[in-house]
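In case you want the letters, here they are:
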Amino acid sequence: MQNIPKNMFEPAAANAGDAEKISKKSLSLWKDAMLRFRSNKLAMVGLIIIVLIILMAIFAPMFSRYDYSTTNLLNADKPPSKDHWFGTDDLGRDIFVRTWVGARISIFIGVAAAVLDLLIGVIWGSISGFRGGRTDEIMMRIADILWAVPSLLMVILLMVVLPKGLFTIIIAMTITGWINMARIVRGQVLQLKNQEYVLASQTLGAKTSRLLFKHIVPNAMGSILVTMTLTVPTAIFTEAFLSYLGLGVPAPLASWGTMASDGLPALTYYPWRLFFPAGFICITMFGFNVVGDGLRDALDPKLRK
Amino acid sequence: MLKYIGRRLVYMIITLFVIVTVTFFLMQAAPGGPFSGEKKLPPEIEANLNAHYGLDKPLFVQYVSYLKSVAMWDFGPSFKYKGQSVNDLISSGFPVSFTLGAEAILLALALGVLFGVIAALYHNKWQDYTVAILTIFGISVPSFIMAAVLQYVFSMKLGLFPVAGWDSWAYTFLPSIALASMPMAFIARLSRSSMIEVLNSDYIRTAKAKGLSRPAVTVRHAIRNALLPVVTYMGPMAAQVLTGSFIIETIFGIPGLGAHFVNSITNRDYTVIMGVTVFFSVILLLCVLIVDVLYGIIDPRIKLSKAKKGA
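Thresholds applied
- Residues numbered from 1 in each chain as written.
- Chains lettered and ligands numbered in written order.
- Predicted model: local features only at pLDDT ≥ 70, side-chain atom pairs only at ≥ 80, totals over all residues.
- Heavy atoms only, no water.
- Helix = DSSP H or I, 4+ residues; strand = E, 2+ residues; numbered from the N terminus.
- Rg over C-alpha atoms; globule rule 2.2 N^0.38 Å.
- Buried < 20%, exposed > 50% of the residue type's maximum accessible area, 1.4 Å probe, protein only.
- UniProt positions renumbered as here; feature names shortened; annotations may be inferred.
- pLDDT = per-residue confidence, 0-100.
- Contact = heavy atoms within 4.5 Å.
- Buried area = accessible area lost by both parts, 1.4 Å probe.
- Salt bridge = Lys/Arg side-chain N within 4 Å of Asp/Glu carboxyl O.
- Nonpolar A, V, L, I, M, F, W, Y, C, P; charged D, E, K, R; others polar.
- Phe/Tyr/Trp six-rings, centres within 6.5 Å; stacked < 30°, edge-to-face > 60°.
- Lys NZ or Arg CZ within 6 Å of the ring centre and 35° of its normal.
- Expected span 1.5 Å × (residues − 1).

Considering the overall build of chain A
Link 1 in the chain: The secondary structure content of chain A amounts to 11 helices and zero strands.
Link 2 in the chain: In sequence order, the secondary structure elements of chain A are arranged as α-α-α-α-α-α-α-α-α-α-α.
Link 3 in the chain: The C-alpha atoms of chain A give a radius of gyration of 27 Å, which is well past the 19 Å a tight globule of 305 residues would have.
Link 4 in the chain: When the backbone C-alpha atoms are referred to their principal axes, chain A occupies close to 100 × 65 × 30 Å.
Link 5 in the chain: Residues counted as buried form 49% of the 305 residues belonging to chain A.

Okay, here's the thing in structure tokens:
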């Protein structure tokens, strides 16, 4: 053994606090979810698709030489070319511009339906779940009965009766669409309201509204966000479906659904009139579906396989 | 069990009552009467027609008589096609729609479960990824777009199948694939994830430890339990196939009830819209009820009498 003089030793700083220190920065649920979402390649592809489509929908019609509603019968049913990238329709309108104007309407319908579902669903679901007892029983019975009503049939009926228009479609979809959100929020609220931190807040004298909107709803935000994201493709689908039945937005407005249904009879000779809008319906639904799935996986680590 | 079915039937009747009521009053609020066509009828004839169909009576009386006739399974006459009742339309159109729908559902079930099981058995291998791509594709392509693409490629370009019509089995092929694609994708996803969960459970390890062969473990032990979530999806699937049939039947020129329904919407044939809506609702509610009861029979863990509180 070597002889080392005592004065060469130094006492290590014994600081009790150090042992308790967390060296890695703590991640909030959202940061953690972001990390996991970003490593999900498919979801990122979906997100990029959505962003690109939204950007194109905003800017493409502004910079185009053509107008979405100006007809030019001399130039009808032309296949895709340098002048008209996606060809023209039966009235000689440029399909490229119409596709992006249609994107505005289709995505607006999707997002508006999702936001309205969110508002009604969160209010209904959180009151029902939080109050519990009699209130819950009655509110959920009403929701159950409405839930059993075939929603697309009801939307069709409403559209037959109400005047044609963009907002009619959104309202018709919301009337049947909020129930899903309400049920999910109620389930979350039931689960969360018995947590200790809610009890603690209650003990400190927090009002119901504070409990709900400060503590419970933010924690249910994950499921709410996923449900919202997955509502958008359903709404886009429903809009296209209604257009096929002749219940879509009135001309000269264009949505992907009306464009696709206009193109359907001409499928044999002018297939591009169907394929461009139909293709974008599929791509957008794909985008929102994979982003929704990605969010669900990212926000709920238990579900990850 | 009987008590449960009884209670469910009561709820079903309440739901149906709500649907009939909403349908009736919505159709009353619809713009234009049943006889306000392009040609203006002389007022005497219109009054006569109204009297014939009982439309001159007060709204409430009409409502009660409609409720009564619906309860007797009589949906009244079509206002656009003289001499044809809604019941005639249903009895001529529904068998066709039912054949198509049943074919689509069987196809979706068979292929969906097959794909799901393959994906789960080869979890995280290329088979799994292939199925994942297929299912994402299936979920993102609406049935009517699928129908148009199939028709364009296989009938118009390749000439393999008839373009439209309803004659032999070959006519049902493309429409049922188009109808089945989305439910199939959902079933594949559902059965994949539940199969993965089941394959990791203890009793599967026990079965393997007993020395059972892999097919025996998969078929006898895993798939049976993995299929439970698929059963719950049968109700929504029936709704999806049914509503999907509206456009598919129109695209392929199939004389089913869905095509009649679409026609009645374009023609604003209100009694047909009402009648077919109520009929479809009855079918869907029955499907959901049957599925729920089946689920209780298949899965003994579910106590039906206590299963009233949904998540």
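With respect to the UniProt feature "transmembrane region" in chain A
All names here are of chain A.
Link 1 in the chain: UniProt feature "transmembrane region": in the numbering of this structure it lies at residues 43-63, 105-125, 166-185, 212-232, 236-256 and 274-294.
Link 2 in the chain: In this annotation, residues 166-185 is assigned 100% helix and 0% strand; the end-to-end C-alpha distance for the span is 28 Å.
Link 3 in the chain: Between the C-alpha atoms that bound residues 274-294 there is a distance of 30 Å. The span itself is 100% helix and 0% strand.

Examining the UniProt feature "domain: ABC transmembrane type-1" in chain B
Link 1 in the chain: Using the residue numbers shown here, the UniProt feature "domain: ABC transmembrane type-1" corresponds to residues 94-295 of chain B.
Link 2 in the chain: Across residues 94-295 of chain B, the secondary structure splits into 85% helix and 0% strand, with the terminal C-alpha atoms separated by 27 Å.

Details of the confidence of the model for chain B
All names here are of chain B.
Link 1 in the chain: Averaged over all residues, the pLDDT of chain B equals 81, while 92% of them reach at least 70.
Link 2 in the chain: Taking the mean pLDDT of every element in chain B, the minimum, 73, falls on helix 2 (residues 43-52) and the maximum, 89, on helix 4 (residues 86-121).
Link 3 in the chain: Low pLDDT (under 50) marks residues 305-311, which in the prediction has 10 contacts with non-local residues, meaning those over four places away or in another chain.
Link 4 in the chain: Predicted complex metrics record ipTM = 0.77 and pTM = 0.79.

Section: the interface of chain A and chain B
Much of the literature gives interface size as the accessible area that the parts lose upon coming together.
Link 1 in the chain: In this assembly, 39 residues from chain A lie in contact with 49 residues from chain B.
Link 2 in the chain: Of the roughly 3,800 Å² buried where chain A meets chain B, counting both sides, 78% is carbon and sulfur surface.
Link 3 in the chain: Counting across the interface, chain A meets chain B through one salt bridge.
Link 4 in the chain: For A:Asp293, the salt bridge identified is with B:Arg189, shortest N-O distance 2.2 Å.
Link 5 in the chain: Top contributing element to the side of chain A that touches chain B by residue count: helix 11 (residues 272-299) of chain A, with 10 residues.
Link 6 in the chain: Among the residues making up the side of chain A that touches chain B, the classes are represented as 30 nonpolar, three polar and six charged.

Structural notes on the confidence of the model for chain A
Link 1 in the chain: Taken over all residues, the pLDDT of chain A has a mean of 82, while the share at 70 or more is 94%.
Link 2 in the chain: The spread of mean pLDDT over the elements of chain A runs between helix 1 (residues 16-20) of chain A, the lowest at 66, and helix 4 (residues 95-131) of chain A, the highest at 88.

A look at the packing of aromatic side chains
Ring pairs (aromatic) are described by centroid distance and by the angle formed between their planes.
Link 1 in the chain: This structure, assessed with the given rule, holds 24 aromatic pairs over all chains.
Link 2 in the chain: Seen in terms of ring centroids, A:Phe237 and A:Phe241 are 6.1 Å apart; in terms of plane orientation they differ by 35 degrees. Their pairing is tilted. With A:Phe237 and A:Phe241 both in helix 9 (residues 208-244), this residue pair falls four residues apart, about one helical turn.
Link 3 in the chain: For A:Phe237, a relative accessible area of 17% puts it in the buried group.
Link 4 in the chain: Residues B:Phe94 and B:Phe98 carry aromatic rings whose centres are separated by 5.9 Å and whose planes lie at 50 degrees to one another, so their mutual orientation is tilted. You can see B:Phe94 and its partner B:Phe98 sitting in helix 4, four residues apart, about one turn around the helix.
Link 5 in the chain: When the ring centre of B:Tyr122 is taken as origin, the NZ or CZ atom of B:Arg214, which lies over that ring, is 6.0 Å away.

Describing helix 5 (residues 133-148) of chain A
Link 1 in the chain: With 16 residues, helix 5 of chain A extends 22 Å between its outermost C-alpha atoms, agreeing within 8% with the 22 Å of an ideal straight helix rising 1.5 Å per residue.
Link 2 in the chain: Along its buried surface, helix 5 of chain A packs onto helix 4 and helix 7 (166-192) of chain A together with helix 1 (2-29) of chain B.

What to know about the UniProt feature "transmembrane region" in chain B
All names here are of chain B.
Link 1 in the chain: Here, UniProt's "transmembrane region" annotation points to residues 9-29, 100-120, 130-150, 168-188, 226-248 and 278-298.
Link 2 in the chain: For residues 9-29, helix accounts for 100% and strand for 0%, while the C-alpha atoms at its two ends are 30 Å apart.
Link 3 in the chain: Each end of residues 226-248 is marked by a C-alpha atom, and these two atoms are 31 Å apart; helix forms 96% of the span and strand 0%.

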